[in-house]
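The primary structure of each chain is shown beneath.
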Amino acid sequence: MYPVIQHPDQVKQAREKLAALEKKFGKKPNILVIYSDDHGWADLGAQGVNAEIRTPNLDQLTRDGVRFARGYVSAPQCVPSRAGVITGRYQQRFGVEDNNKGPLPLEELTIAERLKPAGYISGMVGKWHMGKAPDQIPAARGFERDFSLLDGAGSYWNMDNMTAASPRSGSMARRSAWLFLPRLLSPANEAALNSQKT
């Protein structure tokens, strides 16, 4: 096993920024992980590589949030790298070494399961590709809100392979992502969301 390379300067900077955000807003900051397949390092305006690439909303998140400049995927394929990010562990340690080695083992805790004790409500939007059985979908892996594409490839226009689930209501419904996403990201709307029957 290789030792973890420590970056105390980055840890200190992240802790200071998170503490400042909590002090400014009086609550813990939201955590937003944007993870995309086949996304090149230079494919964001914030990187300053190509003036023709304009991503103003993502650039604003970069300016206002905590930016992890030395984060790298731990595999060149979607399933293992996604498994590594969602668990915070090298996926080789639990046997997900390529796209054919899923699903994510049930013994592995997800970021949603780890954040729940700290009072966070977690949501998953987009490509899951780590299991389709009822005990493997995001709603069963700690995500209170889930609107995900379960397969590795598919269409966001054909909703047959999408989930929109809330374990609290037991609902499993097809919805437009544009209607679901704002509710997913706003815990203040939780009562309204839970009162909906789909």
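Quick caveat, the model's predicted, so the values are computed rather than measured. (Residues numbered from 1 in each chain as written. Predicted model: local features only at pLDDT ≥ 70, side-chain atom pairs only at ≥ 80, totals over all residues. Heavy atoms only, no water.)

A. Expanded view of the side chain of glutamate 144. With respect to the helices and strands, the residue glutamate 144 is situated in the loop between strand 1 (123-127) and strand 2 (145-149). In this structure glutamate 144 comes out as buried when scored by relative accessible area, which is 8%. At 2.8 Å, the side chain of glutamate 144 forms a polar contact with the backbone nitrogen of serine 122. (Helix = DSSP H or I, 4+ residues; strand = E, 2+ residues; numbered from the N terminus. Buried < 20%, exposed > 50% of the residue type's maximum accessible area, 1.4 Å probe, protein only. Polar contact = N/O pair within 3.5 Å; in protein donor to acceptor, adjacent residues only side chain to side chain.)

B. Focus on helix 1 (residues 8-25). Taking 1.5 Å as the rise per residue, helix 1 with 18 residues should run 26 Å; its terminal C-alpha atoms sit 26 Å apart, in good agreement. Directly beyond the C-terminal end of helix 1, a positive phi value near 75° is found at glycine 26. (Expected span 1.5 Å × (residues − 1).)

C. Structural context of the nonpolar core. Ranked by size, the top nonpolar core spans 15 residues in total, and within it Ala83, Ile86, Leu104, Trp128, Met130 and Phe143 carry the most contacts. Here the element with the most residues in this core is helix 3 (residues 78-87); it accounts for four residues. (Core = buried A, V, L, I, M, F, W, Y, C linked by side-chain atoms within 4.5 Å.)

D. Focus on the pairing of strand 2. Within strand 2, five of the five residues are buried, which leaves it mostly tucked inside the rest of the structure. Burial along strand 2 is two-sided: the face carrying Arg145, Phe147 and Leu149 and the face carrying Asp146 and Ser148 are both buried. As defined by bridge partners, strand 1 adjoins strand 2 across five bridges and the pair is classed as parallel. Among the inter-strand pairings, glycine 123 is bridged to a residue of strand 2, identified as arginine 145. (Pairing = 2+ DSSP bridges.)

E. Just the environment of leucine 149, in detail. Mapped onto the secondary structure, leucine 149 falls in strand 2. Separated by twelve residues in sequence, leucine 149 and isoleucine 137 place their C-alpha atoms 9.9 Å apart.

F. Quick peek at the side chain of threonine 110. Note that threonine 110 resides in the loop between helix 3 and helix 4 (111-115). Of the residues examined, threonine 110 reaches a relative accessible area of 0% and is grouped as buried. Looking at threonine 110, its side chain comes within polar contact range of the main-chain oxygen of arginine 141, at 2.7 Å. The contact partners of threonine 110, leaving out residues within four places of it in the chain, are Ile86, Leu104, Arg141 and Phe143. (Contact = heavy atoms within 4.5 Å.)

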